[in-house]
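Structural description and commentary
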Amino acid sequence: MQENELSIIIPVYNESGNLQMLYDRIKNTVNSITEHYEILFVNDGSSDDSLLKILELSQSDSRVYYLNLSRNFGHQIAVSAGLEYSNARCTVIIDSDLQDPPELISELYAKFNEGFDVVYAKRQKRIGESIFKKITAKLYYRVLKKMVSFDIPLDAGDFRIVSKKVVEAINKMPEQNKYLRGQIAWLGLKQTHVLYSRDSRKHGTSGYSYGKMIRLAFDGITGFSDKPLLFVSRLGFLISFFSFLLIIYAVFSHYALEQTITGWTSLIMSAAFIGGIQLLSIGVIGEYISRINVNVKGRPLYIVDTTNIETISTPKKTD
Ligand code: UDP
Ligand code: MG
């Protein structure tokens, strides 16, 4: 692909009903910005006819490119794949379910041109999402912010516009467990946001199962903070300290007061408590080890099955 002014990366997982409207709305918006743009759909192993829709769009519009991944690799990897192939002065990342209004691209672009490297879209309102999701998301971002040592934006997803510098830096980051909004925040540079109200999804259902969401949340924490490890080791110290006091008390009580602490209840309570804490600690360590394991293997992040980008054999990964 030739270098364009604007590249739009769209991860797609079972979004057949949304693609035409998404394309129309993006085109309407972007046409008023520049004619040098590319739209890059990354089909992330959809099982509906999303790929067919993308192929139709790419046949009728030479600005439409696609990467068809060999299976479902997950949203973050689909976007990362798109970033490796995008080639433009500025790149927009946008969901394909129309929760991120394409019209906002104009505002993101205008702000970007004031001299920023990142303009992310900050969610002021979330329409049509469950109370549970709203509360857990709010809570999660606040906990994450406390855990990391750099400025991570609150209430922002991956809908944003970024400079070529950012794309190149992200493409150089080797981690397998991608958490793009964290990686981009980690970069520093000049970042700002515009506010928007997040719509509800137009068609279909969310491709983010609870399992995928929890994994992403853990990737965010383990990727940028070792506070959970510090927490369990401090917990270990604290519990050892109180256990020591308890032992002294038990011995004192036995010999000095001649009252032996008796009972099944106290034994079971302490065994269950310590057992729980130990499992929790092993679990926390396990989360980090499993990520080391994945990274040591160093497998490719994704496999491209088919594409209409000529440079398929040489993704623009900057080494
Ligand atoms: N998506 C993807 N792979 C997945 C899950 C989702 O490429 O495994 C895409 C999906 O098509 C959408 C975006 O990622 O464009 C956000 O996903 P979704 O709307 O399902 O997440 P939610 O908005 O519910 O958090
Ligand atoms: Mg969505």
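As a reminder, the structure under discussion sits directly above these lines.
This report concerns the structure included in the present document. Throughout this description, residue numbers start from 1 for each chain and increase along the sequence as written. Labels are handed out in written order, letters beginning with A for the chains and numbers beginning with 1 for the ligands. pLDDT decides what is reported in this predicted model: residues at 70 or higher carry local features, side-chain atom pairs at 80 or more are listed and counted, and totals for whole chains, interfaces and linings draw on all residues regardless. Computation of side-chain values: all heavy atoms of the structure, hydrogens and water removed.

Considering the overall build of the protein chain
Numbering of helices and strands runs from the N terminus, with a helix taken as a DSSP run of H or I at least four residues long and a strand as a DSSP run of E at least two residues long. On a plain count of helices and strands, the protein chain comes out with ten helices and eight strands. With respect to the three principal axes, the spread of C-alpha positions in the protein chain is 90 × 40 × 35 Å. Every residue pair with non-hydrogen atoms within 4.5 Å of one another is taken to be in contact. Sequence separation of at least 24 residues holds for 83% of the intrachain contacts in the protein chain that already meet a minimum separation of 6. Areas reported as accessible are Shrake-Rupley estimates using a 1.4 Å probe. Residue values count occlusion only from the protein chains shown. A total of about 16,900 Å² of accessible surface is found on the protein chain, and carbon and sulfur atoms cover 61% of it. In this tally Asp and Glu are treated as negative and Lys and Arg as positive; neither His nor the chain ends contributes. Taken as the charge location is NZ of Lys, CZ of Arg, CG of Asp or CD of Glu. Side-chain charges in the protein chain split into 36 positive and 33 negative, and the spacing between the mean points of these groups amounts to 6 Å.

Structural notes on helix α10 (residues 264-297)
To estimate the expected span of a helix, subtract one from its residue number and multiply by 1.5 Å. Taking 1.5 Å per residue as the helical rise, α10 with its 34 residues ought to reach 50 Å, and the 48 Å between its terminal C-alpha atoms agrees with that figure. Categorising residues by exposure relies on relative accessible area from a 1.4 Å probe, with only protein chains included: less than 20% of the type maximum marks a residue as buried, more than 50% marks it as exposed, and the intermediate range marks it as partly exposed. Among all positions in α10, only I277, S281, V284, Y288 and R291 are buried. Looking at the buried side of α10, the elements it contacts are α8 (210-224) and α9 (227-255).

Let's talk about the site of ligand 1
Around ligand 1, 19 residues are found, and the nearest of them are E15, D44, D97, Q99 and G207. Here a polar contact is taken to be a pair of N or O atoms separated by no more than 3.5 Å, where protein atoms must pair a possible hydrogen donor with a possible acceptor and residues adjacent in sequence count only if both atoms sit in side chains. Between ligand 1 and G207 there is a distance of 2.5 Å, counted from an oxygen atom to a backbone nitrogen or oxygen. Its free accessible area being 520 Å², ligand 1 has 95% of it covered by the protein chains. Following the grouping adopted for this structure description, the nonpolar residues are Ala, Val, Leu, Ile, Met, Phe, Trp, Tyr, Cys and Pro, the charged ones are Asp, Glu, Lys and Arg, and the polar ones are all others, Gly among them. Considered class by class, the residues forming the shell around ligand 1 number four nonpolar, seven polar and eight charged. Throughout this document, a residue counts as near a molecule or strand when at least one of its heavy atoms sits within 4 Å of that molecule or strand.

Regarding the side chain of R123
By the secondary structure assignment, R123 is in strand β5 (residues 118-126). When a carboxyl oxygen of Asp or Glu lies within 4 Å of a side-chain nitrogen of Lys or Arg, that pair is called a salt bridge. Look at R123: it is buried, it has no salt bridge, and the nearest opposite charge is D100 at 5.3 Å. Ignoring anything within four residues of it in the chain, the contact list for R123 reads Y141, D155, A156, G157, Y196 and R198.

Some remarks on the packing of α9 against α10
Packing of α9 against α10 leaves a shortest axis separation of 9 Å and a crossing angle of 155 degrees. Judged by the inter-axis angle, α9 sits roughly antiparallel to α10. The crossing of α9 and α10 is left-handed. Contacts from K227, P228, L229, V232, L235 and I239 in α9 reach F273, I274, I277, L280, S281, V284, I285 and Y288 in α10. Note on definitions: angles span 0 to 180 degrees between N-to-C directions of axes, and those axes are lines fitted to C-alpha atoms, for helices only across the stretch in contact. Relative orientations are named as follows: roughly parallel for angles under 35 degrees, roughly antiparallel for angles over 145 degrees, roughly perpendicular for angles from 65 to 115 degrees, and oblique for any other angle. Crossings are classed by handedness, with left-handed meaning an anticlockwise turn of the near helix from the far one by less than a right angle and right-handed meaning a clockwise turn.

Worth remembering: the numbers are spatial, not functional.
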